[in-house]
Amino acid sequence: MKAIRRFTVRPVLPEPLRPLSDLARNLRWSWHTETRDLFQSVDPGQWASSEGDPVRLLGSVRAGRLAELAEDRRFLRRLTAAADDLHDYVTGDRWYQTQSAQLPAAVAYFSPEFGIAAALPQYSGGLGILAGDHLKAASDLGVPLIGVGLLYRHGYFRQSLSRDGWQQEHYPVLDPNELPVALLKDADGTPAQVSLALPGGKQLHARIWLAQVGRVPLLMLDSDVEENDLGERGVTDRLYGGGSEHRLLQEMLLGIGGVRAVRAYCRITGHPEPEVFHTNEGHAGFLGLERIAELGYQGLDFDAALESVRAGTVFTTHTPVPAGIDRFDRELVARHFGPDAELPGIDVEHILRLGMETYPGGEPNLFNMAVMGLRLAQRANGVSLLHGHVSREMFSGLWPGFDPDEVPITSVTNGVHAPTWVAPEVFRLGARRLGTERAEDELAAGGARRWDVLADIPDQDIWELRRTLREQLVEEVRERLRVSWRQRGAGTAELGWIDGVLDPDVLTIGFARRVPSYKRLTLMLRDRDRLMDLLLHPERPIQIVVAGKAHPADDGGKRLVQELVRFTDDPRVRHRVVFLPDYGMAMAQKLYPGCDIWLNNPLRPLEACGTSGMKAALNGCLNLSVMDGWWDEWFQPDFGWAIPTADGAGTDPDRRDAIESAALYDLLEQRITPRFYERGRTDLPDRWIEMVRQTLTLLGPKVLAGRMVREYVERLYAPAARAHRSLAPDAARELARWKARVRAAWHGVTVDHVETTAVTATAELGTTLGLRVRVGLGELSPDDVEVQAVSGRVDPQDRITDATTVPLKPAGGPDLEGRRLYEGPLSLDRTGPYGYTVRILPNHPLLASGAELGLLAVPSEGVVDGAGVLLR
């Protein structure tokens, strides 16, 4: 008979063992080796069957075993040491506490998914893992972050394969009481709740679950509560599931409900209120509307409240393609806001305008979450240098007239949380030279440019480490492959061949990620004969481990998985190439260290960052990648190999795949496998080992999440906090009035005449020209604008590249026609074709950039004809 309800009966911990509960409930155990070792020693067998989850372990260990441990003085000493260490970690000063007093009192970080640990499966892929690493690194650095997300009762999905290799999805129900979370409760013990108003007088209620990620609280909203009707209970059922209205409700709950959850948490715990709100992708963009509504209750009108909210908001975009952005029908959004639904104090038209695609090619009937995110944030960034460039191009229509390079979107290149992703064996190798405490600090906090201490590790030690990690991966692959084939219906008698799958002495390539078409899972299959020759080479074979999930609604992605699986099923090569279903954090933590090469072959420039290669690099794995994302930024021949990109304008997708796959095979045949298998004087692959050493020494410090979070603090959070403090209610009202006045009067701003005065007759390097510009400001004053000279080299179309801007100064008052004269120098500091122009921008001390309003005035064609372009 089937039970109608399932729950776990937990043993009562003896008093001496009570600290075990605190250690299990703080997810720091997921990246703290000593704490994990302590839990493993409680019951090694149960630890393995609980898949390394302390909460599950404590729910299943025998009462008799607990009684033994309560009397075990050695275990109790270890327990006391672990508990004291956690207390010091969460209460002591760290990097953030040593910085200036200008930093924000707190930062709220919103994301639709968080990959903290396999024991809390609330992630689908890179976005969630990045968010989890952001929280962990913030904790290590002492940044007062509050994470905000949703608690999905079915998580993303578990993946298995049918007999013919088709992806199967399973959605196991997650019971929060079996997860490392606790309900947020008011002082009287009642669970804290937030509510949203829905059309038709209905309400959406949600409880708040709290996961403690080291020092950082993570608040997760859960709509599966009795007060909701059946439909509303299912709002937080699955990550990225359901139709448009379902997704809209999830994003309203995340953004609006998330702000309300933060307010409740700060009220209950006394945590400082956030001065900065960070939106990780557009999914949480509605948080800005809730904050505008809060300020409305305090007497600010919409425009003033908008300025105040923008000042303290950071928006991070992760997508390099418009198709990756959530867009909703305007009517659907309108129905969920206004007098009969949520945020009745805000005019629905104000809300709709925030998400309008007002640029050429935009859809006027769609509400764009990324566009709203950018309009509600004064600071925005992409997640690698290349992605920042792509983002400025993609969203340049929101700042018409400005060159893409001037669009106010910067970049902070992602990083990965080394204590989570570095194998214990790799850590111990570094700790032998640095000491354990310093090694932990270097991995967590970062800050070093090089890890020179790793440069003198003997070749033999590095090579033995690499083989050990490869051997562990081989064992892991065989175990997972048996489970997969049993799920596919195979009997034990059919699986003897698995004992010979992979070889710990063969060059091992890893490829694991989500399976959208642009990541090109099957590029390696383009020339199967050539691939089989590589796999089966008698002297220099390779072996490949592949994993990845296609979105449940993406049949194209599922066909790619099936195509690859059918190739891996071929008896001729199945001992050399495997597909492992159900890719997740637990698998990844074995996969990255065990590979010699990490392969990444997306269509450039569609990979925003691609952090999997960073995790591999931290374990001494070399990268083989298209020049995209972070690899475009930090590639050096010492760290791996770059796959050439065939992205010419006349190259169709099929030809591009053919060219790039051939380049991949060439690299493997001619450069990579010879280097791995060649032996030097000590009978070791010394050139390969040197690349591993260089990767650890030079690339390792760059890819840390600690470096990333410090950049966010210094370049985005701190300026946002200062801007937030500057915009008290009166200042916000003044700025809003000023912007309205400037927009209304901008039609009267003109560049009427431009002339140059040359000191010499020729334009030579080092020459300084004088610029005289006559402008019309209409109803505006010189204090409202900045007149700039923009100069630099010009391309064949006379477009200025690598521009330099110099402000010009007013010379006297207005003439009889009301025009003003501006003057300034123009230095010819570069040789070659050179040009200049003049423009006028709005100017106010509280603007984050001159492009913020999207307004500028430039000379008309007649004025340009008179001014001319300088020498060619």
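The rules we used
Residues numbered from 1 in each chain as written. Predicted model: local features only at pLDDT ≥ 70, side-chain atom pairs only at ≥ 80, totals over all residues. Heavy atoms only, no water. Pairing = 2+ DSSP bridges. Helix = DSSP H or I, 4+ residues; strand = E, 2+ residues; numbered from the N terminus. Axes fitted to C-alpha atoms, helices over the stretch in contact; angles between N-to-C directions. Contact = heavy atoms within 4.5 Å. Expected span 1.5 Å × (residues − 1). Buried < 20%, exposed > 50% of the residue type's maximum accessible area, 1.4 Å probe, protein only. Phe/Tyr/Trp six-rings, centres within 6.5 Å; stacked < 30°, edge-to-face > 60°. Lys NZ or Arg CZ within 6 Å of the ring centre and 35° of its normal.

(A) Expanded view of the sheet that holds strand 19 (residues 577-580). Within the open sheet, the 6 strands sit side by side as 19-18-17-20-21-22. Their pairing is parallel. Every other strand in the sheet has two partners, leaving strand 19 and strand 22 (640-643) as the edge strands with one partner each. On average, each strand axis in the sheet is tilted by 20° relative to the strand beside it, whichever way the strands run. Where strand 17 (residues 507-512) lies against strand 18 (residues 542-547), 6 bridges are found, and the strand directions are parallel. Each bridged residue has a counterpart across the sheet, and for Thr508 the counterpart in strand 18 is Gln543. Contacts from helix 19 (residues 459-487) reach strand 17, strand 18 and strand 19, with the element oriented near 60° to strand 19.

(B) Main features of the sheet that holds strand 25 (residues 785-794). Judged by pairing direction, the sheet is antiparallel, and its 3 strands sit side by side in the order 26-25-29 without closing on themselves. The sheet terminates laterally at strand 26 (800-807) and strand 29 (834-842), the two strands that pair on one side only. For this sheet, the mean angle separating the axes of adjacent strands, direction not counted, is 30°. Inspection of the sheet shows strand 25 paired to strand 29 by 9 bridges, in the antiparallel sense. In the strand pairing of strand 29, Ala789 is matched with Val838.

(C) Here's a closer look at helix 26 (residues 686-699). Between its first and last C-alpha, helix 26 extends 19 Å over 14 residues, near the 20 Å set by a 1.5 Å rise per residue. Buried within helix 26 are the following residues: Trp688, Ile689, Met691, Val692, Arg693, Gln694, Thr695, Leu696, Thr697, Leu698 and Leu699.

(D) Examining the packing of aromatic side chains more closely. Per the counting criterion, the structure on display carries 19 aromatic pairs. By way of ring pairs, the aromatic residues Trp463, Trp641, Phe676, Tyr677 and Trp688 are connected into one cluster. Geometry around Tyr89 places Arg28 over its ring, the cationic atom sitting 4.2 Å from the centre. The ring of Trp463 carries Arg470 above its face, with NZ or CZ at 5.3 Å from the centroid.

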